[in-house]
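# Coordinates in review
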Amino acid sequence: MYAIIQTNFNGIDALTIRTDYPKPAVTPNDVLIKMTVLPVVPTDWKRESNPNATTEQLADLPRIIGVGGVGTIVAVGDNRDPQLLNQRVLVMNPSGSYSEYVLSENPNFIFPLPNIVTNESAAALTAGPGTALTLKHEIDQSTARHIVITGANSVIGLYLLQMLQTDSRQIWPIVSPNSQTYFQQQMPTIKAYTAEELPTIEADSLIIDIAGSVPLLDQLTQYFPHNQIVSIVLMHADFNQPIKFVHEDFNADDYRHFIQQLVTGELVAPIDRTFPITAIKTAQHYAQDTHSRGRVLVTF
Ligand SMILES: NC(=O)c1ccc[n+]([C@@H]2O[C@H](COP(=O)([O-])OP(=O)(O)OC[C@H]3O[C@@H](n4cnc5c(N)ncnc54)[C@H](OP(=O)(O)O)[C@@H]3O)[C@@H](O)[C@H]2O)c1
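Residues numbered from 1 in each chain as written. Predicted model: local features only at pLDDT ≥ 70, side-chain atom pairs only at ≥ 80, totals over all residues. Heavy atoms only, no water.

An unreviewed UniProt entry annotates the chain as NADPH:quinone reductase originating from Secundilactobacillus silagei JCM 19001.

### Digging into the site of the ligand
Just so we agree on the cut-off: Summary of the distance rule: residues count as near a molecule or strand when at least one heavy atom falls within 4 Å of that molecule or strand. The term polar contact refers here to a pair of N or O atoms within 3.5 Å; inside protein, the definition further demands a hydrogen-donor-capable atom paired with an acceptor-capable atom, and it admits residues adjacent in sequence only when both atoms are side-chain atoms. Here a helix means four or more residues in a row that DSSP labels H or I, a strand means two or more in a row labelled E, and each is numbered from the N terminus. Amino acid classes used here: Ala, Val, Leu, Ile, Met, Phe, Trp, Tyr, Cys and Pro are nonpolar; Asp, Glu, Lys and Arg are charged; the rest, including Gly, are polar. Domain extents, as shown, originate in an automatic or database domain assignment.
Inspection of the region around the ligand gives 23 residues, with Lys46, Ser176, Ser179, His291 and Ser292 positioned closest. One of the side-chain nitrogen or oxygen atoms of Ser179 is found 2.5 Å away from an oxygen atom of the ligand. Take Ser292: an N or O atom from its side chain is 2.7 Å from an oxygen atom of the ligand. Mapped by element, the contributors of at least two residues to the shell around the ligand are helix 1 (42–49) and helix 4 (155–163). Tallied by class, the residues present in the shell around the ligand amount to 10 nonpolar, 10 polar and three charged. The residues that make up the shell around the ligand include at least three from each of domain 1 (3–125 + 250–299) and domain 2 (129–245).

### Examining helix 6 (residues 214–223)
Our working rule: Any residue under 20% of the maximum accessible area for its type is buried, any over 50% is exposed, and the rest in between are partly exposed; the area is computed with a 1.4 Å probe on protein chains only. Arc definition: it is the arc formed by the directions from the helix axis to the C-beta atoms. Working rule for contacts: check all heavy atoms of both residues, and any pair within 4.5 Å makes them a contact.
Those residues of helix 6 that sit buried are Leu216, Leu217, Leu220 and Thr221. Down the axis of helix 6, the buried side of the element spans an arc of 135°, and every buried residue falls inside it. Exposed side of helix 6, more than 90 degrees from the buried face: Pro215 and Gln222 are the residues found there. Summarising the contacts, the buried residues of helix 6 are in contact with strand 9 (146–150), strand 10 (170–174), strand 11 (205–209) and strand 12 (227–231). Sitting at the head of helix 6, Ser213 places a side-chain oxygen 3.2 Å from the backbone nitrogen of Leu216.

### A few points about the domain arrangement of the chain
Annotation of the chain at the domain level lists domain 1 (3–125 + 250–299) and domain 2 (129–245). At the junction of the two partners, domain 1 supplies 20 residues and domain 2 supplies 17 residues. Taken together, the residues of the side of domain 1 that touches domain 2 sort by class into nine nonpolar, six polar and five charged.

### Details of the sheet that holds strand 9
Filter applied, for reference: Only strands that DSSP links by at least two bridges are regarded as paired with each other. To obtain each axis, a line is fitted to C-alpha atoms, and for helices this fit is confined to the stretch in contact; angles are then taken between N-to-C directions over 0 to 180 degrees.
Taken in spatial order, the five strands line up as 10-9-11-12-13 in an open sheet, and their pairing is parallel. A strand with exactly one partner marks an edge of an open sheet, and here the two such strands are strand 10 and strand 13 (244–245). Note that strand 12 and strand 13 share two bridges and pair parallel. Within the sheet, the bridge partner assigned to Val230 lies in strand 13 and is Lys244. In the packing of helix 3 (residues 129–141) onto the sheet, the strands contacted are strand 9, strand 11, strand 12 and strand 13, and the crossing angle to strand 11 comes to about 170°.

### Brief notes about helix 3
Threshold: Each residue after the first adds 1.5 Å to the expected span of a helix.
A rise of 1.5 Å per residue sets the reference length of helix 3, with its 13 residues, at 18 Å; its end C-alpha atoms lie 18 Å apart and thus fit the reference within 8%. By the burial criterion, the buried members of helix 3 are Pro129, Gly130, Thr131, Ala132, Leu133, Thr134, Leu135, Glu138 and Ile139. For helix 3, the secondary structure elements touched by its buried residues are strand 9, helix 4, strand 11, strand 12, strand 13 and helix 7 (252–264).

### Structural notes on the nonpolar core
Convention followed: Among buried residues, the Ala, Val, Leu, Ile, Met, Phe, Trp, Tyr and Cys ones that are joined through side-chain atoms within 4.5 Å form a nonpolar core.
In this structure, Leu90, Leu125, Leu135, Ile149, Leu160, Phe183 and Ile208 are the most contacted members of the largest nonpolar core, which totals 48 residues. Per element, the largest residue contribution to this core is seven residues, and it comes from helix 4. Each of domain 1 (3–125 + 250–299) and domain 2 (129–245) gives at least three residues to this core. In contact with Ile208, other than residues within four places in its own chain, are Leu135, Ile139, Ile147, Val148, Ile149, Thr150, Leu160 and Val230. Of all hydrophobic cores here, the second largest spans 29 residues; its members include Ala3, Ile64, Ile73 and Val298.

### Description of the packing of aromatic side chains
Condition: For Phe, Tyr and Trp, rings pair up if their centres lie within 6.5 Å, where Trp contributes its six-membered ring, and each pair is then called stacked (planes under 30 degrees apart), edge-to-face (over 60) or tilted (otherwise).
All told, the structure shown has nine aromatic pairs when counted by the stated rule. Relative to Tyr193, the ring of Trp172 has its centre 4.9 Å away and its plane inclined at 50°; by these criteria the two rings are tilted. Taken as a pair, Trp172 in strand 10 and Tyr193 in the loop between helix 5 (180–186) and strand 11 lie far apart in primary sequence, 21 residues in all. Judged by relative accessible area, Tyr193 falls into the buried class, the value being 15%. Between Tyr255 and Phe258, the aromatic rings sit 5.2 Å apart at their centres with planes inclined by 80°, giving edge-to-face as the arrangement. Here Tyr255 and its partner Phe258 are both found in helix 7, three residues apart, which amounts to about one turn of the helix. As far as the burial class goes, Tyr255 and Phe258 line up, both buried.

### Describing the side chain of Ser154
Looking at the element boundaries, Ser154 is found in the loop between strand 9 and helix 4. Reaching out from Ser154, the side chain makes a polar contact with the backbone oxygen of Gly151 at a distance of 2.6 Å. Excluding anything up to four places from it in sequence, Ser154 contacts Ile210 and Ser292.

### A short note on the sheet that holds strand 1 (residues 3–6)
Strand pairing in a sheet relies on backbone hydrogen bonds, with the paired strands running either antiparallel or parallel. Pairing in this open sheet of three strands is antiparallel, and the strands run 2-1-4 from one edge to the other. A strand with exactly one partner marks an edge of an open sheet, and here the two such strands are strand 2 (16–18) and strand 4 (63–64). Pairing of strand 1 with strand 2, which is carried by three bridges, proceeds in the antiparallel orientation. Directly across from Ile4, in strand 2, lies its bridge partner Ile17.

Now the structure itself:
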């Protein structure tokens, strides 16, 4: 079967596309999922070049890349619910999802999909709204009157802004000049700012950092001098003031809720282009090298 394997830390171009990878055998505790659509997330290419890119220990190579995707259950182990057979599911598989078939043992890591939810929308829930919700909790706990969001046009930024629609505080979505038009198309009722357009705000502010750019944060702290910074990107003290790094704490109930929100339209998944699995390197380069226009996907 097809599998995308990382064997070193030499980056995207060093990935190996295997066509002869052994198909896994189902044990009583597993379901076997034939994968259909997978997301390309920044964590993928970061892990492919840096063994310390994330807090998880993923330095053991070789490994199948990816953390999740969408597929159909084609075999069910004796200890699992037989009704799962033929169900379309979103699967979280932190030990690797970029293979034609994925074995899933943890019932909390599979999410049956209602007919109305497309494979693409469900796949774009991976590494997206869960992190946005973590940021929303930080915002909810803050008393700051101004909320500044860097990388507002990012996939996580657009999920977060959808979640903040009832927050009555002043929100300052920050985008690069190249992404302003795209942001306004996605969020016509919220004005986005480039860093150069900002006034100086003396009141307390919370800077939510999704872009992970130190020069941008430098600039923003001039306009928002009384600030606290929460980042999902900058992990270390590589800035001249404290930054609180936060990461998603996976909660299966949240994902069931996101899927319901896709059904009702309360949540819309930002989606860009889809590439065939054979073009995985092109897909990762495209996602890394171009401005964010939604989640890039690959299909088997
Ligand atoms: N801590 C966690 O739990 C966690 C979980 C998932 C993801 N992440 C991280 O969160 C980040 C966002 O993920 P995503 O999937 O939403 O990514 P994405 O859609 O690719 O968006 C990246 C965003 O960063 C902006 N950006 C990048 N470099 C910039 C720079 N030098 N100056 C200004 N803006 C810059 C981009 O602006 P343009 O589009 O205009 O270029 C874009 O808005 C990634 O770094 C990812 O690794 C963290």
